[in-house]
Amino acid sequence: MRRRIVAGNWKMNGSKDLVKQLVGAVCEQSGNVGKDVEVVIIPPAIYLGQVAEQGGGRITTGAQNVSQWQSGAYTGEISAEMARDMGCGYVLVGHSERRQLFGETDSVAAAKVEQVLLSGLVAVLCVGETLAEREAGQAEAVVAEQVRSGLSVVADDQWSRVVVAYEPVWAIGTGKTATADDAQAMHSEIRKVLDGMNAPANEISVLYGGSVKADNAAALFAEPDIDGGLIGGASLKAEEFISICRSFPAGV
Ligand code: PGA
């Protein structure tokens, strides 16, 4: 069965105090989340150690970004190996904010995926079209290309450590979510692309992200090809985040 995952991407938000409060509160309630749901917290890298320590094994941690290089003279960067060393299980790659604000291309994303997989971690490749691309009828083609390029480096025995997050750029932080039908349609397309790459498409978790909240998560997670969510703003509120983690259909 595909893994169900809810991952909270804190972006550049937080403090030592917030880690204490938020991770504490999420952990307290983590027993109320379905046993097959993996709860992941992705704080700014500088707090990874504190989050892991406070999480005490009840949550998984993830890094928002790592370098495309293995190690060396790259001031300001952190490596995938360092993320593993700090106890991370997951690394986000190619988030739209990295692509748009930091000029990350598909080939940089591919190099990062390669590093993450080499370190034994799970790579969460983020993909998604802009509003202009959607309005021009190019959404599927843009996303397909991001998936093909970003995952071009994955070896046959590494697919079990690949997750895709579909995050339409126009839905991130805007309060606009794709409808459950539109998201399902794109997730199904992504699975077709993965299948075309000879990946085990039905075993790869595909998450949805973009203004997921407690009141829209259940409709999204009920779709057959949506295996969970990548949550930004709503992951900074413990109650809301936990309620999203509990929004899977009965039995999960
Ligand atoms: P949002 O962000 O939930 O605040 O829209 C999602 C993301 O960027 O991962």
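Here the residue index of a chain counts from 1 through its sequence in written order. The predicted nature of this model means local features are confined to residues of pLDDT at least 70 and side-chain atom pairs, given and counted, to a pLDDT of 80 or more, with totals for whole chains, interfaces and linings taken over all residues. With hydrogens and water set aside, each side-chain value is computed from the structure's full complement of heavy atoms.

Novice: Before we move on, could you go through helix α7 (residues 139-150) and cite the residues and values that matter?
Specialist: Only DSSP runs of H or I covering at least 4 residues are called helices, and only runs of E covering at least 2 are called strands; the numbering of each starts at the N terminus. Every helix has an expected span of 1.5 Å times one less than the residues it contains. Between its first and last C-alpha atoms α7 spans 16 Å; for 12 residues at 1.5 Å apiece the expected length is 16 Å, and the two agree. Here's how the labels work: a residue is buried when its accessible area is under 20% of the maximum for its type, exposed when over 50%, partly exposed in between, all with a 1.4 Å probe on protein chains only. Within α7 the residues assigned to the buried category are Ala-139, Val-142, Val-143, Ala-144, Gln-146, Val-147, Ser-149 and Gly-150. As for α7, its buried residues are in contact with α4 (96-101), α5 (106-118), β5 (122-127), α6 (131-135), β6 (162-166) and α8 (180-196). A contact between two residues is defined here by any heavy atoms of the two lying within 4.5 Å.

Novice: Give me the packing of aromatic side chains: which residues, what numbers.
Specialist: Only Phe, Tyr and Trp rings are paired, with Trp represented by its six-membered ring, and only when their centres lie within 6.5 Å; those with planes under 30 degrees apart are stacked, over 60 edge-to-face, the remainder tilted. A full pass over the atoms with the stated rule returns 3 aromatic pairs. Ring geometry for Trp-69 against Tyr-74: centres 4.4 Å apart, planes inclined by 5°, an arrangement best described as stacked. Residues Phe-221 and Phe-248 carry aromatic rings whose centres are separated by 4.5 Å and whose planes lie at 20° to one another, so their mutual orientation is stacked. With a gap of 27 residues between them, Phe-221 in helix α9 (residues 217-221) and Phe-248 in the segment after α10 (238-245) connect regions that are remote in the sequence. Like Phe-221, the residue Phe-248 is buried in the burial classification. Lysine and arginine charges are scored as sitting over a ring when NZ or CZ, respectively, is within 6 Å of the ring centre and within 35 degrees of the ring normal. Over the aromatic face of Phe-102 sits the side chain of Arg-98, whose NZ or CZ is 4.0 Å from the ring centroid.

Novice: Break down the pairing of strand β8 (residues 228-231) for me, citing the residues and quoting the values.
Specialist: Of the two faces of β8, the one lined by Gly-228 and Leu-230 and the one lined by Gly-229 and Ile-231 are each fully buried. When strand β1 (residues 4-9) meets β8, the two strands line up parallel, connected through 4 bridges. The residue bridging Gly-8 from the neighbouring strand is Ile-231, located in β8. Only strands that DSSP links by at least two bridges are regarded as paired with each other. Taken together, the 2 bridges between strand β7 (residues 206-209) and β8 define a ladder with parallel strand orientation. For Tyr-208, the partnering residue across the bridge sits in β8 and is Gly-229.

Novice: Tell me about the pairing of strand β4 (residues 88-93), residues and numbers included.
Specialist: Among the 6 residues in β4, 5 count as buried, and that is most of the element. Of the strand pairs in this sheet, strand β3 (residues 60-63) and β4 are connected by 3 bridges, and their pairing is parallel. When the sheet's bridge partners are listed, Thr-61 is paired in β4 with Cys-88. Clockwise travel from the first strand over the helix to the second, with the strands pointing away from the viewer, marks a crossover as right-handed. Taken together, β3, helix α3 (residues 80-85) and β4 form a β-α-β motif whose crossover is right-handed. Here β4 pairs with β5 via 4 bridges, running parallel. When the bridges of β5 are listed, Tyr-90 appears paired with Val-122.

Novice: Give a detailed account of the packing of α7 against α8, specifying residues and quantitative values.
Specialist: Lines are fitted to the C-alpha atoms to define the axes, a helix being fitted only along its stretch in contact, and any angle between axes, read from their N-to-C directions, falls within 0 to 180 degrees. Direction vectors running N to C along α7 and α8 enclose 40°, while the axes themselves pass 10 Å from each other. By the angle between their directions, the pair α7 and α8 is classed as oblique. Here the hand of the crossing between α7 and α8 comes out right-handed. Between α7 and α8, the contacting residues are Ala-139, Glu-140, Val-143, Ala-144, Val-147 and Arg-148 on the first element and Met-186, Glu-189, Ile-190, Val-193 and Leu-194 on the second. Residues belonging to the contact of α7 with α8 are distributed by class as follows: 8 nonpolar, no polar and 3 charged. Should an angle lie under 35 degrees it is considered roughly parallel, over 145 roughly antiparallel, and from 65 to 115 roughly perpendicular; all remaining angles are considered oblique. Two helices that cross are described as forming a left-handed crossing if the nearer one is turned anticlockwise from the farther one by less than a right angle, and a right-handed crossing if clockwise. Amino acids outside the nonpolar list (Ala, Val, Leu, Ile, Met, Phe, Trp, Tyr, Cys, Pro) and the charged list (Asp, Glu, Lys, Arg) are all regarded as polar, and Gly is one of them.

Novice: Lay out the environment of Asn-202 in plain terms, naming residues and giving numbers.
Specialist: Mapped onto the secondary structure, Asn-202 falls in the loop between α8 and β7. For the pair formed by Asn-202 and Asp-225, sequence separation is 23 residues and the distance between their alpha carbons is 8.9 Å. Setting aside residues up to four positions removed in sequence, Asn-202 forms contacts with Arg-2 and Arg-191.

Novice: Describe the state of the cysteines, listing the residues and the values that go with them.
Specialist: Two cysteine sulfur atoms make up a disulfide if the distance between them is within 2.5 Å. Evaluation of the coordinates by the stated rule reveals 0 disulfides. The structure places no disulfide on Cys-27, whose sulfur is separated from the nearest cysteine sulfur, that of Cys-245, by 11 Å.

Novice: Residue-level account of the side chain of Lys-112, with values.
Specialist: Within the secondary structure layout, Lys-112 lies in helix α5. For Lys-112, the side chain forms a polar contact with the side chain of Glu-104, separated by 2.5 Å. Once residues lying within four places of it in the same chain are set aside, the contact partners of Lys-112 are Asn-65, Val-66, Ser-67, Gln-68, Val-93 and Glu-104. N or O atoms within 3.5 Å of each other form a polar contact, as long as, within protein, one can give a hydrogen and the other can take it, and as long as residues adjacent in sequence are counted only when both atoms are side-chain atoms.

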